[in-house]
Amino acid sequence: MTSTEEVESISEKSERLLNISMGPQHPSTHGVFRMKAVLDGETVVKLTPVFGYLHRNHEKLAERTSYLGNMPYTDRLDYFCSLTNNWAYALSVERLAGIEVPERAEYLRVITAELTRLQNHLAFLGFLLNDMGVWATVLIYGFREREKILDLFESLTGARMMCNYMRFGGCRCDVPDGWVEEAKRITDELPGVLDELEQLLTDNEIVVARTQGVGTVPGRKAINAGLTGPVLRASGVNYDVRKVDSYGVYDRFDFSVPLGSVGDCYDRFMLRLLEMRQSLNILKAALNELPSGPIINPKAKNRNLRPPAGEAYGRIESPKGELGFYLVSDKSGTPYRYRVRPPSLVNLTLLEDMCVGQKVADVVVILGSIDIILGEVDR
Amino acid sequence: MWLVIIQLKIGIILTFFSLLFAVASLAERKILARIQNRRGPNRVGPCGLFQPIADGIKMLIKEDVVPRKADRALHFLAPIVMVAPMVLLFGILPYGGGLTLVDLEVGLLFFFAVSSVSELAVFMAGWSSANKYSVFGAMRAIAQMVSYEVPLVLVAITPVMVAGSLSLVHMVEDQAGYAIGVIPNWFVLTPWGIVGFLLLFVTSLAEANRTPFDLPEGESELVAGHLTEYSGFKYALFFMGEYFGIFAGSGLAVALFLGGGGAPLPLLQWIPPYLWFFVKLVVLVGIVIWVRASLPRMRIDQLMDLCWKGLVPLAFVNLIAAAIWHYSGGGWQGWILAGGLLVGAYLMLNRVVLRSRCSWERKYYLAKS
Amino acid sequence: MNVVLFIIAALILVGALATVCVRNLVYCALSLAATFAALGMLYLALGAEFIGWVQILVYVGAVAVLIVFVILLTAPDRMRSVGPLFSRSRILGVGVSLGVFGTIAYAVHKSGSLKGSLSMPAETDMQSIGEELLSSYLVPLEATGVLLTVALIGAVLFAREEPVEGSEESQESKD
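Residues numbered from 1 in each chain as written. Chains lettered and ligands numbered in written order. Predicted model: local features only at pLDDT ≥ 70, side-chain atom pairs only at ≥ 80, totals over all residues. Heavy atoms only, no water.

**Some details on the state of the cysteines**
- Going through the model one piece at a time under the given rule, you end up with 0 disulfides over all chains.
- Of the cysteine sulfurs around Cys163 of chain A, a residue in no disulfide, the closest is that of Cys173 of chain A, at 9.9 Å. (Disulfide = S-S within 2.5 Å.)

**Thoughts on the sheet that holds strand 7 (residues 310-318) of chain A**
All names here are of chain A.
- Taking strand neighbours across the sheet as the criterion, the 3 strands line up as 7-8-9 in an open arrangement whose pairing is antiparallel. Edge positions in the sheet fall to strand 7 and strand 9 (337-341), since each of these pairs with one other strand and no more. Here the average twist between neighbouring strands, direction ignored, is 10°.
- Pairing between strand 8 (residues 321-329) and strand 9: 5 bridges, direction antiparallel. (Pairing = 2+ DSSP bridges. Helix = DSSP H or I, 4+ residues; strand = E, 2+ residues; numbered from the N terminus. Axes fitted to C-alpha atoms, helices over the stretch in contact; angles between N-to-C directions.)

**A look at the domain arrangement of chain B**
All names here are of chain B.
- Taken domain by domain, chain B holds domain 1 (1-61) and domain 2 (67-300).
- Placing a centre on the C-alpha atoms of domain 1 and another on those of domain 2 gives a separation of 18 Å.
- The interface is formed by 19 residues belonging to domain 1 together with 25 residues belonging to domain 2.
- Roughly 2100 Å² of surface becomes buried between domain 1 and domain 2 when both sides are summed, with 84% attributable to carbon and sulfur atoms.
- Its largest share of buried area at the contact with domain 2, domain 1 owes to Phe17, Phe21 and Glu28, together 31% of the area lost on that side.
- Between Arg292 and Glu28 there is a salt bridge, and its shortest N-O distance comes to 2.4 Å.
- Viewed at the interface, domain 2 and domain 1 are joined by 4 residue pairs in polar contact (both at pLDDT 80 or more).
- The set of elements that each furnish at least two residues to the side of domain 1 that touches domain 2 consists of helix 1 (2-35) and helix 2 (51-61).
- The greatest single-element share of the side of domain 1 that touches domain 2, amounting to 17 residues, is contributed by helix 1. (Domains from an automatic or database assignment. Contact = heavy atoms within 4.5 Å. Buried area = accessible area lost by both parts, 1.4 Å probe. Salt bridge = Lys/Arg side-chain N within 4 Å of Asp/Glu carboxyl O. Polar contact = N/O pair within 3.5 Å; in protein donor to acceptor, adjacent residues only side chain to side chain.)

**Overview of the environment of Ser25 of chain B**
Residue and element names in this part refer to chain B.
- Counting through the fold element by element, Ser25 comes out in helix 1.
- Taking the C-alpha atoms as reference points, Ser25 and Glu105, separated by 80 residues in sequence, lie 33 Å from one another.
- In contact with Ser25, other than residues within four places in its own chain, are Pro52, Phe239 and Tyr243.
- Within the structure, the side chain of Ser25 is placed 2.8 Å from the backbone oxygen of Ala22, a separation counted as a polar contact.

**Considerations on the environment of Phe253 of chain A**
Residue and element names in this part refer to chain A.
- In this fold, Phe253 is placed in the loop between helix 11 (241-244) and strand 6 (257-259).
- Placed 30 residues apart in sequence, Phe253 and Leu283 show a C-alpha to C-alpha distance of 9.2 Å.
- The contact partners of Phe253, leaving out residues within four places of it in the chain, are Tyr107, Val110, Ile282, Ala285, Ala286 and Glu289.

**Section: the nonpolar core**
Residues and elements named next belong to chain B.
- Counting 125 residues, the largest nonpolar core has Phe17 and Phe247 as the members making the most contacts within it.
- By residue number, the principal contributor to this core is helix 6 (residues 132-163), which donates 15 residues.
- Two domains each provide a minimum of three residues to this core, namely domain 1 (1-61) and domain 2 (67-300).
- Beyond its immediate stretch of four places on either side in the chain, Phe17 contacts Phe90, Leu93, Tyr95, Phe244, Phe247, Phe278 and Leu281. (Core = buried A, V, L, I, M, F, W, Y, C linked by side-chain atoms within 4.5 Å. Buried < 20%, exposed > 50% of the residue type's maximum accessible area, 1.4 Å probe, protein only.)

If you want it as structure tokens, here you go:
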């Protein structure tokens, strides 16, 4: 990495460098994100990410709201994956208050989380390819499938994106009639779609040229920067919270964690494709084995929850990485401290290292390959 | 009388291409939509057929925004300098059947001379907008167009060499007739012709700034390149200039390699040649749109590599192959010699010069725990 | 015919004057391009089709574009103005251009083409130009080719040291 002083001395000496501000309003910064880039011709010399444009005081708001009242707020963090956000928050509150979750609810949580992962990765592929300049073709292919999953969410929770589905000790409502069959049908169809996407994209010469060797992150550096999720595993580090923590009932399913070797954009892109196949394995098993029983622990208190004093950290493997909620309770009805560990923000920390020395066009692809949602970065 | 006929011809050609522009702008959106599982514009008129009219009205009445720091004169002139040369290009295309406007002896030279003026228009647009993205886009556009002009001219020289004339009409005449009574004598049906046609198609995509070479206005990084600060009718003019560039480039490809207005089968010769010319042109424009829907954008260094290390050497080899073909008198010896040379050159370029810097094959490990 | 020639001559003069007098670098470059184009028109009006279009292709399409490109690359801040029109350092420039003009004027005057009527040469077609180039003028043509190749390689070598401006340098030499 070029040190800041060095870059500044360069920019004083040379008139060649061009300061360019990508964002906050820019077609491909995935929201209101800003990158202050210093360019030498087409090459990036320095790049400073600027965020906070979407700051909405999420954590402070949560400290003035009841535990249950926060649940819908978590939907708005990573608005593509509201169900996993719900789960991570529910998990940490359950740890804080010591609430057990019935088996059927655990299965429903796994099913919805894996569906969330599928739809997030489908959209990711589309957005990444859009950043490479495909005129929305892959995006709309991905969205076509994502739409089916969103329909499932809608019939289950009543909302397509802001699901607000989990409750402390279980889930809000049981599956409607025929939902499981519909979900099975969709999971049976998806491998064909993935084959199609793989066939279209993985061997495409321009995709390969645009992604291979771009934004490479070595495994050690990725660990040091605290990267998680597919971005970390693309660098070959075997770390998946589903395996490490085995939260919920993940230890009952037979799935593997795909690992890359180089850690460039191509690996990150391929890992998403491979992860979707593993998610499908989990989904199939979970839908087949879905046990009967209550969907919520009858003893769990949701309204006016006053957990015993203490602290708890609940983390899950969200589609973007390790999503954690840290809660401190002072026996009152609102959390004393509420802190989110957003994978999108932490994964962004290496953005400059990935981009320096690459071309401007690569910056966009690298940003796309990290897969950020500004709602989660800025909170 | 002579003047009236000329004016009639000009009227027909201009009307046709203006209509084609309207149809193509709709067709592009419709085809893109179909490829992407969408419906495309379908609100205005039956099946959205009147969409171009609505677009035109919208463009005309839209506010013309000029940035405060912009150079107003150049900002105003740039779209005009963009469109005017493109319209001139239609004058020399050999439509055949009496519709050909001018048979210029140096037709091909005229084509390149006039189309190269549009580079200045891009510069004027980019610089006068006083926007970093615009200047950036203009720089990319000029670098790209200047580079891709080299293989474009080299490729266009091959049919000149074989036909022995720079006149496009003469070149079309040279491709008339049928071998064995059925196969047309088009240049594209020779080894150097296939390569030449493909090279010409690729380079004219780059000259027209179309996907996968649409870096100058690559919206994911440069917002809209040199068009960032253009709106309303000025933007529409740029859009039109770009489309006219595609039409003219396709027309050139038709004239040089696809036999101009020649019918593909002797049976179909009763259809007037200009109709054949337009059919071929429209098919090529359709392929351009299809390419746009299916390919990502290249990066600037890859673009330059492709041009200087791939297309330019291949165009040179193609020139030699055409000479070999010409002097071996065509026939199977020509196919073996010229074809072998071209295939060998292609393989060598692919292996040695353009070999990808990264491995294609990746291994992925599936960790069980 | 004469009227057209005078209009073109006026265009050339105005363009050339603007190139020197306008204080905006970009306007200078664009006026230069206009001058080149007008010169091409002059050739066309005189019946030299080939030279006319080559003039436009090479000078407007390539040389002017390169000048513009160099301006874009080197002086983004100084683009809007280039110092006062009259300064003491210009005296040398005026001297040199007057000298060049004088020499050319003397040569033209000496050649006698101004006296008597100018006989239009027979229409030259592309074929004869090509044959002349590849027979009587073969050696100069080849020499020019070698010279340009050397320039190309030299430019690439220069570009090696300065990788940033490399791609532009190599394009410059294609003319």
